[in-house]
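Inside the fold
If you want the building blocks of each chain, they are given just below.
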Amino acid sequence: MLRALLLAPPGAGKGTQGRRLAEIYGVPHLATGDLLRQHVAEGTALGAEAKAYMDRGELVPDKIVTSLILNRLTGGKPLRGFILDGFPRSLKQAEDSYEWGQGRRLTFQRVISLAVDRDELVRRLLERGRQSGRTDDTEETIRHRLEVYEATTAPLLDFYRQRGILAEVDGTGSVEEVTDRIRAALDPVVDAG
Ligand code: ADP
């Protein structure tokens, strides 16, 4: 069983790697961005509220995202394994999910950060915007999302480094190369439970 989190700026490859890792380790891939976009597509009240933030490149308020993801993790009975992508993204979310996990003995075993330089991130996101038409992949919103990442999400690297579970991985090169580097960091913590 594996409980891991991908923590990286927009465009670093969390979604691509998250899907591959979920397959490899046989655990669900939970991406907050996908869950939120699903709500938007279904026209729920939560989706309508979230969309305004997403289109501006702002974080959706902690309360909405935390309950969305923790409900998902708990469901009927708690998921024992998962790859999380895009959550937590603020210190408040990190603290709340740490507390949640401690109470259930389900804290994260590893946090993978993916390092990719800024020019490459912008290039990848603009390309994704052209291909997928994601409404937040425009030049101005991308710039703002990268600023939000630096200000609000990057401090989480220290939060997990202090807890001894951070693994910093080079996110450049081919998709397969990056997956191999991540596996080298995850294989040692996978357990039979
Ligand atoms: P990216 O990592 O490329 O920005 P995501 O699909 O992970 O793409 O997220 C898209 C948007 O969804 C974010 O810009 C933000 O508005 C919202 N979002 C996703 N995860 C969270 C989170 N944990 N907390 C707050 N907002 C979030």
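Structure shown above.
What counts and what doesn't
Throughout this description, residue numbers start from 1 for each chain and increase along the sequence as written. Totals for whole chains, interfaces and linings use all residues, but because this is a predicted model, local features are given only for residues with pLDDT of at least 70 and pairs of side-chain atoms are given and counted only at 80 or more. Think of the side-chain values as coming from all heavy atoms in the structure, minus any hydrogens and water. Secondary structure follows DSSP: runs of H or I at least 4 residues long count as helices, runs of E at least 2 residues long count as strands, and numbering of each begins at the N terminus. Atoms counted for the radius of gyration: C-alpha only. Globule rule: 2.2 Å times the number of residues to the power 0.38. Between buried and exposed lies partly exposed: a residue is buried under 20% and exposed over 50% of the maximum accessible area for its type, with that area taken using a 1.4 Å probe on protein chains only. Residue contacts follow a heavy-atom distance rule, with two residues in contact if any of their heavy atoms lie within 4.5 Å. For the area figures, the Shrake-Rupley method with a 1.4 Å probe applies, and any residue is considered shielded solely by the protein chains shown. Under the counting rule used here, the positive set is Lys and Arg, the negative set is Asp and Glu, and His together with the chain ends is not counted. Throughout, a charge is located at the NZ atom of Lys, the CZ atom of Arg, the CG atom of Asp or the CD atom of Glu. Any two strands with at least two DSSP bridges between them are considered paired. The angle between two axes is taken between their N-to-C directions and runs from 0 to 180 degrees, where each axis is a line fitted to C-alpha atoms and a helix contributes only its stretch in contact. Any residue with a heavy atom positioned within 4 Å of a molecule or strand is treated as near that molecule or strand. For the purposes of these results, a polar contact is taken to be a pair of N or O atoms within 3.5 Å, where, inside protein, one atom must be able to donate a hydrogen and its partner to accept one; residues adjacent in sequence count only when each atom of the pair is a side-chain atom. Gly falls in the polar group here, along with every residue not listed as nonpolar (Ala, Val, Leu, Ile, Met, Phe, Trp, Tyr, Cys, Pro) or charged (Asp, Glu, Lys, Arg).

Turning next to the overall build of the protein. In terms of helices and strands, the protein carries 9 helices and 5 strands. Starting at the N terminus and ending at the C terminus, the protein contains elements arranged as β-α-β-α-α-α-β-α-β-α-α-α-β-α. At 16 Å, the protein has a C-alpha radius of gyration in line with the 16 Å of a compact globule built from 193 residues. With the C-alpha coordinates of the protein rotated into their principal frame, the extents come out at 45 × 40 × 30 Å. Buried residues in the protein amount to 45% of all 193 residues. In the protein, the proportion of contacts linking residues at least 24 apart, taken out of those at least 6 apart, comes to 74%. Total accessible area on the protein is roughly 9800 Å²; 48% of this is exposed by carbon and sulfur atoms. For the protein, the distance from the average position of its 28 positive side-chain charges to the average position of its 29 negative side-chain charges is 5 Å.

Judged by pairing direction, the sheet is parallel, and its 5 strands sit side by side in the order β2-β3-β1-β4-β5 without closing on themselves. The open sheet has two edge strands, β2 (29-31) and β5 (166-170), and neither has a second partner. Across the sheet, the mean angle from the axis of one strand to that of its neighbour is 20°, orientation sign disregarded. For strand β1 (residues 3-7) and strand β4 (residues 110-115), the ladder comprises 4 bridges, and the chain directions are parallel. Bridge pairing in β4 links Leu5 to Val111.

What follows deals with the site of the ligand. Taken together, 19 residues are adjacent to the ligand, and Thr32, Arg37, Glu58, Gly86 and Gln93 come closest. Between the ligand and Arg89 there is a distance of 3.0 Å, counted from an oxygen atom to a side-chain nitrogen or oxygen. Within the complex, 97% of the 540 Å² of free accessible area of the ligand lies under protein. The class makeup of the residues in the shell around the ligand is 7 nonpolar, 4 polar and 8 charged.

Along the chain, His29 turns up in strand β2. Engagement of the side chain of His29 in a polar contact is seen with the side chain of Asp85, the distance being 3.0 Å. The contacts of His29, once residues within four sequence positions are left out, are Lys14, Gly15, Gly18, Arg19, Ala22, Asp34, Ile83 and Asp85.

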